[in-house]
Amino acid sequence: MRFLNQPQHDLTYNDVFMVPSRSQVTSRLDVDLTSTDGLGTPLPLVAANMTAVSGRRMAETMARSGGVAIIPQDIPTDVVAETIGKVKGSHTVFDTPVTVTPGTTVGEAISLLPKRGHGVVLVVEDGLPVGTVTEADAQGVDRFAQVRTIMGGELVKVSPTDSPREIFDQLSAAHDDYAIALGDDGRLLGVMTRKGALRAAIYAPALDADGRLKIGTAVGINGDVPARAEALLAAGSDVLVVDTAHGHQDKMINVLEAVRDVRDKLAPGVPIVAGNVVTADGTRELIDAGADVIKVGVGPGAMCTTRMQTGVGRPQFSAVLECSAAARELGKAVWADGGVRHPRDVALALAAGAGSVMIGSWFAGTHESPGNLMVAADGRPYKESFGMASARAVRNRTRDSSGFERARAGLFEEGISSSRMYLDAERPGVQDLLDFITSGVRSSCTYAGAANLPEFAERAVIGIQSTSGYDEGRPLHASW
Ligand SMILES: NC(=O)C1=CN([C@@H]2O[C@H](COP(=O)(O)OP(=O)(O)OC[C@H]3O[C@@H](n4cnc5c(N)ncnc54)[C@H](OP(=O)(O)O)[C@@H]3O)[C@@H](O)[C@H]2O)C=CC1
Ligand SMILES: Nc1nc2c(ncn2[C@@H]2O[C@H](COP(=O)(O)O)[C@@H](O)[C@H]2O)c(=O)[nH]1
């Protein structure tokens with residue numbers, strides 16, 4: 001990457017723009033978005049280790065689309081192990097349906113609809129699919145009625161060996177939008193919508209050496225971290241994130257060395273990600289202590305109050321640029337963590353040299369995040385998000401401590417305890433957001449003349465802009 005005009009101060013994503021360069025890449029579909037962080041996932045995107053963001057559904061969906069989700073450090077180890085098992089047991093292409101039985105009430109079935117982006121609940125009897133229920137089927141029906149009275153019985157059945165294009169064509173011919181895939185024994189393998197078929201032709205899943213979906217997990221720096229790391233690796237975690245607010249501290253370095261020893265003994269191929277830092281020194285020290293990838297970002301997160309509380313942090317574009325250069329010198333990479341609100345931010349982080357980009361709050365406002373769907377007074381659906389250093393998260397993390405210790409820890413909050421992440425009516429599912437982001441990033445690459453992410457980081461030409469420069473680029477949804 002090179003600057004068009006030399007910066008005199010540190011820069012946020014909003015402070016910069018990219019100019020087009022002569023390109024030999026003629027189609028956005030020719031761009032290879034494989035991450036350059038050593039994990040080699042087909043998409044350079046990571047769902048953050050936040051309780052309001054990454055659970056089983058987020059992990060499955062991210063991995064099917066080529067990225068990865070990190071299950072947070074605050075989830076009990078046995079629950080994380082169970083989640084890893086479920087994700088690894090799910091189909092790598094077909095979506096996992098929400099299922100009910102014919103005797104389930106309509107009210108319960110409808111309450112399960114928002115658990116998936118595809119808007120259908122599958123009715124299963126004795127292990128066999130017998131019908132579907134959608135919001136439309138339930139219109140005007142008593143919530144206590146059983147779903148058998150309203151379910152649609154015509155199911156489009158496809159084979160797991162059918163190509164995405166064949167499934168798309170079968171659904172179009174049947175004027176339907178929901179296919180179920182059955183194994184040879186008639187067992188349900190998963191479901192696919194028409195849009196899902198289109199996506200299956202574009203995205204490749206992120207798979208482990210045994211061909212199962214990838215999933216990552218996080219540990220903090222307190223408690224018996226090596227024991228938790230051992231259990232997570234034994235359960236099959238594909239990435240281990242060692243995460244704390246101030247990553248450039250002695251305790252982190254000691255913990256990281258211990259986690260590296262556990263990893264080397266049990267699962268030498270599993271990368272360790274550590275953070276957060278925002279300086280070249282912090283990056284180098286965490287790499288020396290055993291990290292393969294450095295998580296970069298102090299204070300850019302949407303749930304973050306660190307900069308207002310402490311004055312500490314660094315504008316994220318400059319932090320990623322400096323840390324990625326330091327990591328690259330040592331043959332390692334960084335994740336740009338936090339502050340992503342538009343596809344352009346992902347593109348700019350990759351231009352600054354990030355190997356992958358971690359997203360939290362934006363993904364919290366999707367069907368696949370763990371929270372319950374709520375509806376605001378104006379009718380807009382939303383999910384609650386909260387920071388991992390908020391009083392709410394600290395209370396949860398210190399549940400085994402004394403009342404005094406919990407109360408004291410609560411005084412040191414550095415995050416928001418409750419925030420509304422509205423579901424975008426146009427993009428309510430995380431796959432919708434991934435479509436939005438990847439189409440933007442593919443396009444950024446072709447503007448730079450890059451066929452892949454190493455070329456993009458090499459060729460990007462970045463300029464610095466004023467706030468009016470940034471404003472000029474915002475679309476107007478009404479006349480001025
Ligand atoms: N990227 C970011 O900007 C930030 C991210 N977070 C996220 O919140 C989650 C919780 O992290 P964290 O608050 O570190 O909680 P942890 O539970 O991981 O505890 C942090 C440990 O580090 C010690 N510590 C020393 N200095 C600091 C400091 N300045 N800030 C915080 N802890 C410090 C704490 O001791 P003691 O309590 O005695 O001081 C404690 O032992 C993580 O997921 C983290 O990534 C949190 C804040 C900023
Ligand atoms: N200072 C704080 N930072 C936090 C907190 N919880 C999470 N985070 C960081 O934010 C990113 C995600 O950023 P986003 O803009 O995509 O939401 C996450 O990975 C953490 O590094 C917090 O309570 N305080």
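The shown structure was predicted, so the numbers you read here are calculated from the model rather than taken from an experiment.

Visitor: Just to check I follow, could you spell out the packing of helix α8 (residues 280–288) against helix α10 (residues 316–329) for this structure?
Guide: Any two packed helices are characterised by the angle at which their axes cross and by the distance between the axes. The N-to-C vectors of α8 and α10 enclose an angle of 35 degrees; their axes lie 8 Å apart at closest approach. The handedness of the crossing between α8 and α10 comes out as right-handed. Along its contact with α8, which presents Ala280, Thr283, Arg284 and Ile287, the element α10 presents Glu322, Cys323, Ala326 and Ala327. A class-by-class count of the residues in the contact of α8 with α10 yields 5 nonpolar, 1 polar and 2 charged.

Visitor: Could you clarify how one ought to interpret unusual backbone geometry in this entry?
Guide: As a rule of thumb, non-glycine residues mostly have phi less than zero, and peptide bonds are mostly trans rather than cis. In this chain, Gly275 is followed by Asn276 through a cis amide linkage whose omega measures 5 degrees. With respect to the secondary-structure elements, Asn276 resides in strand β13 (residues 272–277). Of note in this structure, Asp126 is not a glycine but carries a positive phi near 50 degrees. As for its placement among the helices and strands, Asp126 is situated in the loop between β6 (121–125) and β7 (128–133).

Visitor: Would you explain the site of ligand 1 in this entry?
Guide: What surrounds ligand 1 is a group of 22 residues, the closest being Gly220, Thr244, Ala245, Met388 and Ala389. The class makeup of the residues in the shell around ligand 1 is 7 nonpolar, 11 polar and 4 charged.

Visitor: Would you explain the UniProt feature "domain: CBS" (unreviewed entry) in the chain in this entry?
Guide: In this structure's numbering, the residues bearing the UniProt feature "domain: CBS" (unreviewed entry) are residues 93–150. In residues 93–150, the share of helix is 12% and the share of strand is 24%. The end C-alpha atoms are 29 Å apart.

Visitor: Looking at this structure, I do not really get the UniProt feature "binding site: NAD(+)" (unreviewed entry) in the chain. What am I missing?
Guide: The UniProt record marks Asp243, Thr244, Ala245, Gly297, Val298 and Gly299 with the feature "binding site: NAD(+)" (unreviewed entry), using the residue numbering of this structure. These annotated residues cover 57 residues of sequence, but their C-alpha atoms sit close together, with the largest distance between any two at 14.2 Å. Under the C-beta neighbour-count criterion, Ala245 is labelled buried, with 21 such atoms within 10 Å. In contact with Ala245, other than residues within four places in its own chain, are Asn276, Thr306, Ala389 and Glu414. Relative to the elements of secondary structure, Gly297 occurs in the loop between β14 (293–296) and α9 (306–310).

Visitor: Explain the environment of Ala393 to me, please; I cannot follow it from the model alone.
Guide: With respect to the element layout, Ala393 can be found in helix α13 (residues 391–397). Its 22 C-beta neighbours within 10 Å are what place Ala393 among the buried residues. Each C-alpha atom of the pair Ala393 and Thr193 lies 36 Å from the other, and the pair is 200 residues apart in sequence. Each residue touching Ala393, except ones within four places of it in the same chain, is listed here: Thr51, Asp74, Phe386, Gly387, Met388 and Gly415.

Basis of the calculations
- Residues numbered from 1 in each chain as written.
- Chains lettered and ligands numbered in written order.
- Predicted model: local features only at pLDDT ≥ 70, side-chain atom pairs only at ≥ 80, totals over all residues.
- Axes fitted to C-alpha atoms, helices over the stretch in contact; angles between N-to-C directions.
- Helix = DSSP H or I, 4+ residues; strand = E, 2+ residues; numbered from the N terminus.
- Left-handed = near helix turned anticlockwise from the far one by under 90°.
- Contact = placed C-beta atoms within 7 Å.
- Nonpolar A, V, L, I, M, F, W, Y, C, P; charged D, E, K, R; others polar.
- Near = placed C-beta within 6 Å.
- UniProt positions renumbered as here; feature names shortened; annotations may be inferred.
- Buried ≥ 20, exposed ≤ 12 C-beta atoms within 10 Å, placed from the backbone.

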